[in-house]
4 protein chains.
Amino acid sequence: MQEVKLSRREREKLRQRRQMLAAALELFSEKGFHNVSMHEIAKRAEFAIGTLYKFFKNKEDLYKALVMEKAEEYHRVLMGVLSEEKDVLTVIEGYIVAKSRLFTDNLPILRLYFAETRGASFNIRAGLDQDIQRLYDKFIMRLVSVLQDGVRRKVFREMDPYHMAVALEGLTNAFLFCWMEDPEQHPYETNVPFIRDMFLNGVLNK
Amino acid sequence: MQEVKLSRREREKLRQRRQMLAAALELFSEKGFHNVSMHEIAKRAEFAIGTLYKFFKNKEDLYKALVMEKAEEYHRVLMGVLSEEKDVLTVIEGYIVAKSRLFTDNLPILRLYFAETRGASFNIRAGLDQDIQRLYDKFIMRLVSVLQDGVRRKVFREMDPYHMAVALEGLTNAFLFCWMEDPEQHPYETNVPFIRDMFLNGVLNK
Amino acid sequence: MQEVKLSRREREKLRQRRQMLAAALELFSEKGFHNVSMHEIAKRAEFAIGTLYKFFKNKEDLYKALVMEKAEEYHRVLMGVLSEEKDVLTVIEGYIVAKSRLFTDNLPILRLYFAETRGASFNIRAGLDQDIQRLYDKFIMRLVSVLQDGVRRKVFREMDPYHMAVALEGLTNAFLFCWMEDPEQHPYETNVPFIRDMFLNGVLNK
Amino acid sequence: MQEVKLSRREREKLRQRRQMLAAALELFSEKGFHNVSMHEIAKRAEFAIGTLYKFFKNKEDLYKALVMEKAEEYHRVLMGVLSEEKDVLTVIEGYIVAKSRLFTDNLPILRLYFAETRGASFNIRAGLDQDIQRLYDKFIMRLVSVLQDGVRRKVFREMDPYHMAVALEGLTNAFLFCWMEDPEQHPYETNVPFIRDMFLNGVLNK
DNA sequence: CATGAATGAGGGTTCATTCAT
DNA sequence: AATGAATGAACCCTCATTCAT
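Below, the structure is looked at part by part. (Residues numbered from 1 in each chain as written. Chains lettered and ligands numbered in written order. Predicted model: local features only at pLDDT ≥ 70, side-chain atom pairs only at ≥ 80, totals over all residues. Heavy atoms only, no water.)

What follows covers the nonpolar core. Phe199(A) and Phe199(B) are the most contacted members of the largest nonpolar core, which has 144 residues in total. Those residues in contact with Phe199(A) that sit more than four places away from it in its chain are Ile92(A), Leu147(A), Met164(A), Leu168(A), Leu171(A) and Met198(B). (Core = buried A, V, L, I, M, F, W, Y, C linked by side-chain atoms within 4.5 Å. Buried < 20%, exposed > 50% of the residue type's maximum accessible area, 1.4 Å probe, protein only. Contact = heavy atoms within 4.5 Å.)

By the secondary structure assignment, Asn191(A) is in helix 9 (residues 188-203). Given the relative accessible area of 3%, Asn191(A) is considered buried. Measuring from C-alpha to C-alpha, the distance between Asn191(A) and Trp179(A) comes to 8.5 Å, with 12 residues separating the pair along the chain. In this structure Asn191(A) touches Phe175(A), Trp179(A), His186(A) and His163(B), once residues within four positions along its chain are discounted. (Helix = DSSP H or I, 4+ residues; strand = E, 2+ residues; numbered from the N terminus.)

Residues and elements named next belong to chain A. On the surface, a cluster of positive charge is made up of Arg8, Arg9, Arg11, Lys13 and Lys54. A total of four residues in the positive patch trace back to one element, the largest contributor, which is helix 1 (residues 8-31). For Arg9, a relative accessible area of 61% gives the class exposed. (Patch = residues over 30% accessible without salt bridge, like charges linked within 9 Å, V, L, I, M, F, W, Y side chains within 5 Å. Areas by Shrake-Rupley, 256 points an atom, 1.4 Å probe, with all protein chains shown as cover. Salt bridge = Lys/Arg side-chain N within 4 Å of Asp/Glu carboxyl O. Lys, Arg positive; Asp, Glu negative; His and termini not counted. Charge placed at Lys NZ, Arg CZ, Asp CG, Glu CD.)

Taking 1.5 Å per residue as the helical rise, helix 5 (residues 88-105) of chain C with its 18 residues ought to reach 26 Å, and the 25 Å between its terminal C-alpha atoms agrees with that figure. Every buried residue belonging to helix 5 of chain C is among Val88(C), Val91(C), Ile92(C), Tyr95(C), Ile96(C), Val97(C), Ala98(C), Lys99(C), Ser100(C), Leu102(C) and Phe103(C), and all of these are buried. (Expected span 1.5 Å × (residues − 1).)

Throughout the structure, instances matching the rule amount to 54 salt bridges over all chains. Across the salt bridge formed by Glu169(B) and Lys99(B), the nearest N and O atoms sit 3.2 Å from each other. Residue Glu169(B) is located in helix 8 (residues 161-181), and its partner Lys99(B) is located in helix 5 (residues 88-105); the two are separated by 70 residues in the primary sequence. Taking relative accessible area as the criterion, Glu169(B) reaches 4% and is therefore assigned buried. Between Arg15(D) and Glu12(D) there is a salt bridge; the shortest N-O distance is 2.8 Å.

Around DNA strand F, 31 residues are found, and the nearest of them are Met38(A), Gln16(B), Thr51(B), Lys59(C) and Thr51(D). One of the backbone nitrogen or oxygen atoms of Gly50(B) is found 3.3 Å away from a base nitrogen of DNA strand F. The set of elements that each furnish at least two residues to the surface near DNA strand F consists of helix 2 (38-45) and helix 3 (49-55) of chain A, helix 1 (8-31) and helix 3 (49-55) of chain B, helix 2 (38-45) and helix 3 (49-55) of chain C together with helix 1 (8-31) and helix 3 (49-55) of chain D. At four residues, helix 3 of chain B tops the list of elements feeding residues into the surface near DNA strand F. (Near = heavy atom within 4 Å. Polar contact = N/O pair within 3.5 Å; in protein donor to acceptor, adjacent residues only side chain to side chain.)

With that out of the way, let us pick up the protein's contact with DNA strand E. Residues in close proximity to DNA strand E total 31 residues, the closest being Thr51(A), Lys59(B), Gln16(C), Thr51(C) and Met38(D). Tyr53(B) is positioned such that a nitrogen or oxygen atom in its side chain is 2.8 Å from a phosphate oxygen of DNA strand E. Interatomic distance of 2.6 Å between a backbone N/O atom of Met38(D) and a phosphate oxygen of DNA strand E. Elements supplying a minimum of two residues to the surface near DNA strand E: helix 3 of chain A, helix 2 (38-45) and helix 3 of chain B, helix 1 (8-31) and helix 3 of chain C together with helix 2 (38-45) and helix 3 of chain D. Ranked by residues supplied to the surface near DNA strand E, first place goes to helix 3 of chain C with four residues. Considering only residue class, the surface near DNA strand E consists of 13 nonpolar, 13 polar and five charged. (Nonpolar A, V, L, I, M, F, W, Y, C, P; charged D, E, K, R; others polar.)

The next point concerns unusual backbone geometry. All names here are of chain C. Positive phi, close to 65 degrees, is recorded for Lys154, a residue that is not glycine. Here Lys154 is to be found in the loop between helix 7 (128-152) and helix 8 (161-181). On the basis of relative accessible area, Lys154 is assigned to the exposed category, the value being 59%.

This is the structure we're talking about:
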């Protein structure tokens, strides 16, 4: 929508920015934040180092932009799925499928994403943590409300829907981690139904 | 037992080593591997930088020693629990309890532990990854064999025990992460039974 | 000739490089490789340490560049003299004169040069040794062939021309060392004819 | 003579000192002054580092002791030869032979010796230079007086005997350097007569 | 406005030397 | 007297960032 309004100059800028972020993503996911230099990024993106600094005020800022951008994309996709007006079970399955696909399509960013949302996020000083956390909390709240709805409709047992959400997150992440480590051995097609059944067995009203 | 044999000199050495590792753990878990300097660690441990290098031949070695030491301790504890000669359900519950306690008692090291066993560890070049991975693989295999036994005894449904293990890991980790982030909100006492029920509902033979 | 083509930028670069090498030469010849720090060189050359590393990838590289540059210059000059189409005696005398002048004009580099062509250069790990050695070997072979020519033409006695070359080198070096240590006492004007006579008395056909 | 007076304690001390110097010589001549650590020397000599420092107040002192000891030995030997009551020609030949033998027997120390008396002696700060220089000057003066005597006796031409000495030094060193670099190619047996003839042709009265 | 040369703080590491035991 | 653990100054080098062109 708003894209219509962009001048040629602004579009060009955006293209350059994307190019830089893409180069940075490649390098960061290959070698990690601290093992990549700004010069390296500039070179890979085919810009001068000074130009890089015109777009991002420092290395941390670049990193944050990179992770946030992807986090927002994920957020958008997953929130979209959770907001569909379908019955709970379909929504849940849809969520599992969508998340799996997200992983499958974006392997490189995932290490970064998890490095930040989970555990090992001391790479980067504060700030980023909070922004991502906020996004993630919003998402969890949405998931909780979907599950709560399922409880209200007696599709699920009487359980704390927050716990249910945590369980679902744990199950999906665990299998997707397996897939990340060895895609052949743990294919998408086996994981998705297994996660779904495992989850539903734990929560469905008998 | 063997400690009786240690000379005063050796005991002193061990005490120093522990002091250094403790200082390093504090700093690494506060700021991450790359944001901590050897000088900083030496200072916090109250030794000269040269003394630090007498104990650990370089920064990576120190880090590896730190993480491996803890990993081996966890491995020992959890393997012990999984090897008890009790019925499967008791063993599983015992495992959940033990893992919870391990987390509860060792919060600082956990970020490091997860940074290494899970995804985002480009912090350290190879080597460590592999050693820890090997330990973790061994543990998973033990867990798989416990679950497989449960399947054979018809306690559990006919399911791939590896998948079951992944599911159990996913559930425990997810709840323990929650606890890590906000211990008050997600107390140990609520988490353990929830994890257990969630897991068992998914796998028990009806 | 080719200098005409250099852009202002390139000329500036060259000037800086020369400045750094000059500073390094001063310091190295004052205190030796190991007693000079890169910071010291940078400071004396009036550049930041980082700039120094833009030009030379490490300390050894800088040292090697310094020594090789001069070695090549000497090589060029002396080879030139030995290649002139004159009678052997003139060429030999020309060589003695040229070598003396080279010493006289480049006192500081000489200690380095001798440190490398002669004996005591464990300062620097391999590599340089070989490159310089190769250059020096080439030069000696040229000298040998000049002397051999003299033997063929019956100007010199029937002697091993390699031995003659070694003798000539020994004589020139010895006198030039004396001059290096005390230029007043052992002036160029007395040394040159003495070296020539001494050498010729040893080799001339009577 | 004075050794008779040494107590057992003092003899033991001397033995230790020699052991340390021997270890240091091995290491220095293998790797050069700056690439050998005091710990390394202590270890090779099989003493504690502290004991090393009881004998030599610092690394430079150890180095100086090492080089001076050998220098004095050489000095003694060569001065002895030059002081024999024989005719000049025999003395000169004796000197060439003795010097050759000294080289042949003490290859390891030679690189150090030349590093200090010639050219590349910035390894060590002043002090050593002067002491060795003084010794060497004494020796040269002795050589000069031997040669002067030859001139007086009309064995040699009317030449500056100092120049003659320098020439003799240059010739012997050059051939001995060749031998150092490739002992097979430049054997002692060919070098000695060549040096003698070369020198004598330059100086003998016809 | 894009560029990339220049900067220098700060990191990991070594090793000569001291001193309590 | 002999020891060797402990020290910390100083080294080489990297890289995020700035700014004149």
